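Read off the chains here:
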Amino acid sequence: MGELQRRDLMIGGGALVGMSLLQSRAFAQSGRGTVIPWSDQPPPVPPPAAGIIRSQTAWENLDSWITPNDKFFAIGHYDWPQIDPKDWRLDISGLVESPANLTLDQLKSLPRQEVTSTIECSGNNGLPFLTSAVGNARWTGTSLAAVLKAARVKPAALEVVFFGTDKGEEVLRKDTPLELKVTENFARSMSLEDAMNPAMLLCYEMNGAPLPHANGFPVRLIAPGWYGIANVKWLNRIELRRTRYMGRFMGRDYVTVRENQIGKRTLVTETSVGRGLLKSAPARVVTYDGRYRIEGMAWGPQPIAAVEVRIDNSPWMKAILDDTHRSEAAWRFWHLDWSASPGEHSITTRAIDDTGEKQPAMDDPSIANKRTFWESNGQLTRHLRIA
Ligand SMILES: Nc1nc2c(c(=O)[nH]1)N[C@H]1C(S)=C(S)[C@@H](COP(=O)(O)O)O[C@H]1N2
Ligand SMILES: [Mo]
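Every value quoted in this text rests on a predicted model; they were computed, and no experiment measured them. (Residues numbered from 1 in each chain as written. Chains lettered and ligands numbered in written order. Predicted model: local features only at pLDDT ≥ 70, side-chain atom pairs only at ≥ 80, totals over all residues. Heavy atoms only, no water.)

Describing the layout of surface pockets
- If you add up the space inside the largest pocket, you get close to 440 Å³.
- Lining the largest pocket we find 24 residues, and of these Pro224, Gly225, Trp226, Gly300 and Pro301 sit closest to its centre.
- At the level of secondary structure, the elements contributing two or more residues to the lining of the largest pocket comprise strand 6 (113-120) and helix 6 (192-195).
- Within the lining of the largest pocket, the residues separate by chemical class into 13 nonpolar, six polar and five charged. (1 Å grid on protein atoms, 1.4 Å probe; cavity = no way out; pocket = protein on both sides within 12 Å on 5 of 7 lines; lining within 4 Å. Points joined across faces, edges and corners; volume = space filled by probe spheres on them. Helix = DSSP H or I, 4+ residues; strand = E, 2+ residues; numbered from the N terminus. Nonpolar A, V, L, I, M, F, W, Y, C, P; charged D, E, K, R; others polar.)

Structural data, given as structure tokens:
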């Protein structure tokens, strides 16, 4: 993980990001390139989900490695709380020798730490209208591990629970004699070992600006390599426990159900969504001077080693990975030049990581045996028409 931070500082940090951002804009917006829209546009977000999914980063407009704050997707399940930074406190309690109650100024006075990392909602590409809930930003804050160490965690502690300020009513055992209504805060947990990973950040800045309201102002957890759901926004309480936390977003929602064939038996597993998975996407096709270029990105918990592209039923072709913008926990841009012929075409991509793992095809059992829409990291195919 020391490696992650060093590389990120060298390549992703500060002035360098500003410079490379300008370069990538210059390429994409040189006036030579025109985006050819996909013919398979997603439907609009239907009303019940529209309050939860406030915005998505449109693939076709994606022209910078860093997603600007005003284009970043935003997802909130409860009441999107407005927090006065003067009243905000971070409570660290439970199985610790030195409980703490930090003000924002106290948190900001701790050593600054930065990471450029990609966040994807685990529902992305699992629902027809949720197709680009992913973005990449430079996050600044302070080390979660250092704050936990200062609170002196007791040996009995096994789990770290992160509570958001947002809350909502949940009904358990609905329509049974044992029905139970509770009002609970958004919360997620991870093992103490995972929480002590030096990459974890108590984050208060996004791309050099205070965290926007929609992305968790004033403080959120940034968990590089984990799905969006683990990155608790509007964070105000961290609790160390000896028992597993099983609230809605750990144990009921954001649970992947799979049917596995074990010989002649079908074994169903229900697993809590957490760590991210290997994925890639064809973002857009641009044309200039009669030439065509396919552009996209690839990301996952391990560094990306290669991206391959299949056009119609062609063999897989190696895309060119972008070397200018790199950070271990961030997406990698790639492109492939294409001599396209007029007509309908399909474009499929797959990512391969540095352990040799390949992004699964849609008919791979890990995708095909899934009964829920979470963790849809199967190979994506987009369609377009060349005039
Ligand atoms: N407190 C709180 N944190 C939250 C959520 C939420 O509803 N409440 N949504 C989660 C989900 S489902 C995702 S995908 C990410 C999205 O982060 P973003 O809105 O900054 O893009 O935030 C996560 N953190
Ligand atoms: Mo999500």
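As for the packing of aromatic side chains
- Counting across every chain of the model gives 12 aromatic pairs.
- With a centroid separation of 5.7 Å and an interplanar angle of 65°, the aromatic rings of Trp80 and Trp234 are classed as edge-to-face. With Trp80 in the loop between strand 3 (74-75) and strand 4 (90-94) and Trp234 in the loop between strand 12 (220-222) and strand 13 (235-241), this residue pair connects regions lying 154 residues apart in the sequence.
- The buried category is assigned to Trp80, whose relative accessible area is 6%.
- Aromatic side chains Phe163 and Tyr245 sit 5.9 Å apart centroid to centroid with 80° between the ring planes, which places their arrangement in the edge-to-face category. Remark: Tyr245 occurs in the loop between strand 13 and helix 7 (248-252) and Phe163 occurs in strand 8 (residues 159-172); sequence separation between them is 82 residues. Neither residue differs from the other here; Phe163 and Tyr245 are each classed as buried.
- In this structure an aromatic cluster arises from ring pairing among Tyr78, Phe186, Phe249, Tyr254, Phe373 and Trp374.
- If you follow Arg54 out to its NZ or CZ, it ends over the ring of Trp80, 3.9 Å from the centre. (Phe/Tyr/Trp six-rings, centres within 6.5 Å; stacked < 30°, edge-to-face > 60°. Buried < 20%, exposed > 50% of the residue type's maximum accessible area, 1.4 Å probe, protein only. Lys NZ or Arg CZ within 6 Å of the ring centre and 35° of its normal.)

Structural notes on the sheet that holds strand 5 (residues 100-102)
- On the basis of which strands lie adjacent, the open sheet formed by five strands has the order 5-4-13-8-9 and mixed pairing. At either end of the open sheet lies a strand with only one pairing partner, and these are strand 5 and strand 9 (180-191). Between one strand axis and the next, the sheet turns by 30° as a mean value, whatever way the strands run.
- Both strand 4 and strand 5 contribute to a ladder of three bridges, which runs antiparallel. (Pairing = 2+ DSSP bridges. Axes fitted to C-alpha atoms, helices over the stretch in contact; angles between N-to-C directions.)

A look at the site of ligand 1
- Of all residues adjacent to ligand 1, which total 19 residues, the nearest are Phe73, His77, Asp166, Arg220 and Lys233.
- In this structure, a nitrogen atom belonging to ligand 1 sits 3.1 Å away from a main-chain N or O atom of Asn231.
- If ligand 1 stood free it would expose 530 Å²; the protein chains cover 100% of that surface.
- The class makeup of the residues in the shell around ligand 1 is 11 nonpolar, five polar and three charged. (Near = heavy atom within 4 Å. Polar contact = N/O pair within 3.5 Å; in protein donor to acceptor, adjacent residues only side chain to side chain. Areas by Shrake-Rupley, 256 points an atom, 1.4 Å probe, with all protein chains shown as cover.)

Some words on the pattern of salt bridges
- Applying the stated rule across the entire model yields 21 salt bridges.
- Across the pair Asp84 and Lys86 runs a salt bridge whose closest N-O atoms are separated by 3.5 Å.
- Residue Arg252 pairs with Glu184 through a salt bridge whose shortest N-O separation is 4.0 Å. On the criterion of sequence distance, the pair formed by Arg252 in helix 7 and Glu184 in strand 9 is long-range, its members being 68 residues apart. (Salt bridge = Lys/Arg side-chain N within 4 Å of Asp/Glu carboxyl O.)

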